[in-house]
Amino acid sequence: MKVDKSLQEVWDWKNKVYEETKHLSMRETVDNIRAGAGDFCKKYGLKLKAPGLTRKNHEIR
């Protein structure tokens, strides 16, 4: 089956990210996502907050 080049690039990217992060715990995964989101917001000058999400009511173990 012939796969479009752009779709193959997405699959390759997804597999690379998985290989780089599969060893992380849930806590490390959440911290990694938050850090990436913070970097993105800084880069583009965004001031976003997720309503209702706080460490108190969404404790990650």
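Going by the structure above, here's the rest.
Residues numbered from 1 in each chain as written. Predicted model: local features only at pLDDT ≥ 70, side-chain atom pairs only at ≥ 80, totals over all residues. Heavy atoms only, no water.

Visitor: Would you explain the overall build of the protein in this entry?
Guide: Helix and strand content of the protein: 2 helices and 0 strands. Within the protein, the proportion of its 61 residues that are buried is 3%. For the protein, the computed accessible surface area is about 6100 Å², with 60% contributed by carbon and sulfur atoms. (Helix = DSSP H or I, 4+ residues; strand = E, 2+ residues; numbered from the N terminus. Buried < 20%, exposed > 50% of the residue type's maximum accessible area, 1.4 Å probe, protein only. Areas by Shrake-Rupley, 256 points an atom, 1.4 Å probe, with all protein chains shown as cover.)

Visitor: Sorry if this is basic, but what is going on with the environment of Leu46 here?
Guide: If you trace the backbone, Leu46 turns up in the segment after α2 (26-44). Not counting chain neighbours up to four residues away, the residues in contact with Leu46 comprise Phe40 and Cys41. (Contact = heavy atoms within 4.5 Å.)

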